Amino acid sequence: DGRDVTHNFNISYKFGNLIINRRPIRIKSPSNSKVYDGTPLTYDGDFEYDKQETDEHGNDNEQGLLEGHTVVGTLENTSITDVGSIRMTVNDLKILDEKGVDVTSYYDVYKTDLGVLKVNKRNITVTSASALKNYDGTPLTDSGYSVSEGGLVSGEQLYFDVTGTITEPGSTPNTMSTIYKNGGK
């Protein structure tokens, strides 16, 4: 009937909380690897990120970049030549709304899926020369060697000091070590 009855109650209030969590987004780039060939392994693309998706009922999945927002930043550590690995990084990352306002603080940005570029060692087999003679009291040596498996990279050189020696009847390895590589590097 519309009459006020609040005077009949002792009303106490317990307030709930309204919480908006920061929206998760993954920044990622692919990994790649190759065997050392003297040329850079380079990723020329840009970083990628999760985009907003909806389920079959049109409900927001509550992750990824909201429609109308853009991610800007610089992908770095995108090239490696020598053996080793580097993880790509994103610097100066910002998320902007459709008006260009920085809304990065509204997102939890995960950069754990940034790729790794890896250059693996090149396998080569170097074989020292073999030699044979009958005992004559003088040392037997042979400084020859050849790359018998794999190959060097064009423009690079390796030199070996073959040091095996034998004077008395028997057999010994014709040992060697690397003494010079690619301009003395």
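Above this text sits the structure in question.
Position labels on residues start from 1 in each chain and follow its written sequence. Owing to the predicted nature of the model, reporting of local features is limited to residues with pLDDT of at least 70; listing and counting of side-chain atom pairs is limited to 80 or more, with chain, interface and lining totals taken over all residues. In computing side-chain properties, one takes all heavy atoms of the structure into account and sets aside hydrogens as well as water.

## A closer look at the overall build of the protein chain
Here is step 1 of the chain: Helix numbers and strand numbers start at the N terminus; a helix is a DSSP run of H or I with at least 4 residues, a strand a run of E with at least 2. Helix and strand counts for the protein chain come out as zero helices and 14 strands.
Here is step 2 of the chain: Beginning at the N terminus, the succession of helices and strands in the protein chain can be written as β-β-β-β-β-β-β-β-β-β-β-β-β-β.
Here is step 3 of the chain: Within these notes, the globule rule equals 2.2 Å times the number of residues to the 0.38 power, and the radius of gyration is based on C-alpha atoms. In terms of overall size, the protein chain is more extended than a compact globule, its C-alpha atoms giving a radius of gyration of 34 Å where 185 residues would be expected to give roughly 16 Å.
Here is step 4 of the chain: C-alpha atoms of the protein chain, sized along the principal axes, occupy 130 × 35 × 30 Å.
Here is step 5 of the chain: Summary of the burial criterion: residues with accessible area below 20% of their type's maximum are buried, those above 50% are exposed, and those between are partly exposed, where the area comes from a 1.4 Å probe applied to protein chains only. For the protein chain, the proportion of its 185 residues judged to be buried stands at 19%.

## Considering the side chain of Thr 104
Here is step 1 of the chain: Tracing the backbone shows Thr 104 in the loop between strand S8 (89–96) and strand S9 (107–113).
Here is step 2 of the chain: Residue Thr 104 is classed as buried on the basis of its relative accessible area, which comes to 19%.

## Remarks on unusual backbone geometry
Here is step 1 of the chain: Backbone geometry at Asn 77 places phi at a positive 60°, although glycine is not the residue there.
Here is step 2 of the chain: For Asn 77, the location among the structural elements is in the loop between strand S5 (70–76) and strand S6 (79–80).
Here is step 3 of the chain: At Asp 92, a position not held by glycine, the phi torsion is positive, near 55°.
Here is step 4 of the chain: One can find Asp 92 in strand S8.
Here is step 5 of the chain: Note on Asp 92: relative accessible area 64%, which makes it exposed.

## Considerations on the layout of surface pockets
Here is step 1 of the chain: What the second largest pocket holds in volume is close to 370 Å³.
Here is step 2 of the chain: Lining of the second largest pocket is provided by 21 residues; of these, Ala 131, Leu 140, Ile 166, Gly 170 and Ser 171 occupy positions nearest its centre. In the cavity and pocket records, a cavity denotes points on a 1 Å grid over the protein atoms alone where a 1.4 Å probe fits but cannot get out, a pocket denotes an open set with protein on both sides within 12 Å along at least 5 of 7 lines, and lining residues are residues with an atom within 4 Å of a point. Grid points are joined across faces, edges and corners, and a volume is the space filled by probe spheres set on the points.

## Here we look at the nonpolar core
In a soluble, globular protein the nonpolar side chains are often hidden away together inside.
Here is step 1 of the chain: Residues enter a nonpolar core if they are buried and are Ala, Val, Leu, Ile, Met, Phe, Trp, Tyr or Cys, with the set joined through side-chain atoms within 4.5 Å. Counting 20 residues, the largest nonpolar core has Ile 27, Phe 47, Val 71, Leu 75, Val 90 and Ile 95 as the members making the most contacts within it.
Here is step 2 of the chain: Those elements that place two or more of their residues in this core are strand S1 (23–28), S5, S8 and strand S10 (116–120).
Here is step 3 of the chain: Considering every element that reaches this core, the biggest residue donor is S8, with three residues.
Here is step 4 of the chain: With near-sequence residues (within four places) excluded, Phe 47 lies in contact with Ile 27, Lys 28, Val 71, Val 72, Gly 73, Thr 74, Leu 75, Val 90 and Leu 93. Should any heavy atoms of two residues lie within 4.5 Å, those residues are counted as being in contact.

## Notes on the pattern of salt bridges
Here is step 1 of the chain: Salt bridge, as applied in this entry: a Lys or Arg side-chain nitrogen positioned within 4 Å of an Asp or Glu carboxyl oxygen. Scanning the model with the defined rule gives six salt bridges in all.
Here is step 2 of the chain: In this structure, Asp 113 and Arg 26 form a salt bridge, with 2.6 Å as the shortest nitrogen-oxygen distance. Separated by 87 residues along the polypeptide, Asp 113 in strand S9 and Arg 26 in strand S1 bring together distant segments of the chain.
Here is step 3 of the chain: Taking relative accessible area as the criterion, Asp 113 reaches 29% and is therefore assigned partly exposed.
Here is step 4 of the chain: In this structure, Lys 34 and Asp 37 form a salt bridge, with 2.8 Å as the shortest nitrogen-oxygen distance.
Here is step 5 of the chain: With a relative accessible area of 18%, Lys 34 lands in the buried category.
Here is step 6 of the chain: The class of Asp 37 is partly exposed, set by a relative accessible area of 31%.
Here is step 7 of the chain: Because the salt bridges share partners, they merge into one network encompassing Arg 26, Lys 28, Asp 50 and Asp 113.

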